[in-house]
Amino acid sequence: MKLDKQTLLDYRYLRMARVWAENSYCKRRQVGALVVKDKMIISDGYNGTPSGFENVCEDETGTTHPYVLHAEANAITKLARSGNNSDGSTLYVTASPCIECAKLIIQSGIKRVVYAEKYRLTEGIDLLKRANIEVEYLNIEDNESE
Ligand SMILES: [Zn+2]
């Protein structure tokens, strides 16, 4: 299968997001996100606790603390402190966005979402589609080398 230029870039950015997820100190699940605009990475994020909190995502029973921010939320809120703006950008995320992150994605003006891992609940994806955001699923496992 011959991939067009944009699809090749999409795979590469998504793989970069997966590498970025390795920064996460969460044990249950590590998720990474990148915000790309005009071929520049303008923000990045991985799931974790807010600034100043202990770098522990789960309690002693292994349940994720409710104050842990998702990778998408961290990438978007990081933009709020930077000089960049996400209007018209693309979000690459290694997991299917949840409904809370979908709301943030819509409000931040992101126009396209490329994600890697499907989730049983599709309410986040459904909301993005409803807001006319282009949503694309890529299987990075099947496309390790090109
Ligand atoms: Zn989320």
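The structure we're discussing is the one just above.
Residues numbered from 1 in each chain as written. Predicted model: local features only at pLDDT ≥ 70, side-chain atom pairs only at ≥ 80, totals over all residues. Heavy atoms only, no water.

Engineer: Can you explain unusual backbone geometry? Please cite residues and give values.
Structural biologist: Unlike most non-glycine residues, Lys-39 shows phi in positive territory, near 60°. When you line up the elements, Lys-39 lands in the loop between strand E1 (32-37) and strand E2 (40-46). Taking the relative accessible area as the measure of exposure, Lys-39 reaches 62% and is therefore exposed. Look at Asn-132: it is not a glycine, yet its phi comes out positive at around 60°. Here Asn-132 is to be found in the loop between helix H4 (123-130) and strand E5 (134-137). (Helix = DSSP H or I, 4+ residues; strand = E, 2+ residues; numbered from the N terminus. Buried < 20%, exposed > 50% of the residue type's maximum accessible area, 1.4 Å probe, protein only.)

Engineer: Outline the environment of Tyr-137, supporting the account with residue identities and numerical values.
Structural biologist: Within the secondary structure layout, Tyr-137 lies in strand E5. Looking at Tyr-137, the relative accessible area reads 33%, which means it is partly exposed. In sequence terms Tyr-137 and Tyr-115 are 22 residues apart; their C-alpha atoms lie 5.2 Å from each other. Setting aside anything within four residues of it in sequence, one finds Tyr-137 in contact with Tyr-115, Ala-116, Glu-117 and Lys-118. (Contact = heavy atoms within 4.5 Å.)

Nothing here speaks to function; it is all geometry.
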